[in-house]
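Chain by chain, the residues:
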Amino acid sequence: MTDVPGTRSDPSDPSAPDPSAPDPSAPDPSAPDPRPRTRGRGRPRRTEPADTRDRILDTARAEFSRYGYDGTSVRGIAKAAGVDSALVHHYFGTKEGVFEAAVAVAFAPALHAPDAVAEGPREDVGERLTRFIFGVWENPTTRTPLLAILRSAVNNDTAAAVFRRLVVSQLLRRVAAQLEVPDAELRAELAAAQLVGCAMLRYVIKVEPLASADVEQVIRRVAPVVQGHLTAP
């Protein structure tokens, strides 16, 4: 009978190989797999900095500010942020999602407007709200991203829808809830129209003499109108 390699033909022969012994040429199952693991497209690397999402968002805000909604692309944001475009999609989904996240950050200072409405007597609510909104616009740090938002909202329907959702849900409804008057939401929208219209003419279109007028003079003239929208019978 022909011996089969790796078997013991004669059990009494101590020099014959033991079939129960492990094959020295076989891979060790307990050893780590030397093959490189693949990473799903768009998933952040384990070595990716923790602030990658914030860096993408900061870059997106700058891109939207510079080029507007139509002129900005996910690929352009990714290139400027130094990441793969799939990573932008991983964190934010579509371009609309990136824009909405960027708007939420840029618009955050204005979201404290309802606090200005609540803090103080009812007869001064128009001046407090007007002064607060113009204070946000007069600050260069907060004005720049707001300009980008308004320009994009005026020129693109998708950007306008994002801006509208944010303003209505996060600002106007909260202002209306502080008023305790009939037609509170309509009143809040009329006040917002007054303030946004002034901001457009002063800071975006730069119509003179409004663009160069002293901000205190503007507040004195606009505040009574806002007060009327919010509290007049």
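Rules used throughout
Residues numbered from 1 in each chain as written. Predicted model: local features only at pLDDT ≥ 70, side-chain atom pairs only at ≥ 80, totals over all residues. Heavy atoms only, no water. Helix = DSSP H or I, 4+ residues; strand = E, 2+ residues; numbered from the N terminus. Buried < 20%, exposed > 50% of the residue type's maximum accessible area, 1.4 Å probe, protein only. Contact = heavy atoms within 4.5 Å. Areas by Shrake-Rupley, 256 points an atom, 1.4 Å probe, with all protein chains shown as cover. Core = buried A, V, L, I, M, F, W, Y, C linked by side-chain atoms within 4.5 Å. pLDDT = per-residue confidence, 0-100. Salt bridge = Lys/Arg side-chain N within 4 Å of Asp/Glu carboxyl O. 1 Å grid on protein atoms, 1.4 Å probe; cavity = no way out; pocket = protein on both sides within 12 Å on 5 of 7 lines; lining within 4 Å. Points joined across faces, edges and corners; volume = space filled by probe spheres on them. Nonpolar A, V, L, I, M, F, W, Y, C, P; charged D, E, K, R; others polar.

1. With respect to the overall build of the protein chain
Of the regular secondary structure elements, the protein chain holds 10 helices and zero strands. Expressed as a percentage of its 233 residues, the buried residues of the protein chain come to 38%. Within the protein chain, residue pairs in contact and separated by at least 24 positions form 65% of the contacts whose partners lie at least 6 positions apart. Summing over all exposed atoms, the protein chain offers an accessible surface of approximately 14100 Å²; the carbon and sulfur share of this is 54%.

2. Here's the deal with the nonpolar core
General note: in soluble globular proteins, nonpolar side chains tend to be found buried as a group. Formed by 61 residues in total, the largest nonpolar core has its most connected members in I56, F64, V88, F107, L129 and W137. When residues in this core are grouped by element, the largest group, 10 residues, is from helix α8 (residues 157-179). Residues within four places of F64 in sequence aside, it is in contact with Y69, T72, I77, K95, V98, F99, A102, A148 and S152.

3. Brief notes about the confidence of the model for the protein chain
Residues at a pLDDT of 70 or more form 79% of the protein chain, whose mean pLDDT is 80. Mean pLDDT across the elements of the protein chain ranges from a minimum in helix α5 (residues 113-118), with 76, to a maximum in helix α10 (residues 215-231), with 95. Throughout residues 36-42 the model reports pLDDT below 50, and contacts reaching past four residues in sequence, or to other chains, amount to eight contacts.

4. Examining the pattern of salt bridges
Enumeration over the complete set of coordinates arrives at seven salt bridges. Several salt bridges share partner residues, and in doing so they unite E96, E100 and R165 into one network.

5. Looking at the layout of surface pockets
Approximately 400 Å³ is the volume found for the largest pocket. Lining the largest pocket we find 26 residues, and of these F107, V167, L171, A192 and V196 sit closest to its centre. Those elements that place two or more of their residues in the lining of the largest pocket are α6 (125-138), α7 (140-155), α8 and α9 (184-204). Of all the elements, α9 adds the most residues to the lining of the largest pocket, at eight residues. Here the lining of the largest pocket is composed, by residue class, of 24 nonpolar, no polar and two charged.

6. Some points on empty space enclosed by the protein
All chains considered together, the criterion is met by one cavity of 30 Å³ or more. Of the pockets and cavities examined, the largest cavity occupies roughly 60 Å³. Elements with a contribution of two residues or more to the lining of the largest cavity: α1 (52-67), α4 (95-107) and α7. The biggest single contributor to the lining of the largest cavity is α4, with four residues. Of the residues contributing to the lining of the largest cavity, the split by class is eight nonpolar, no polar and one charged.

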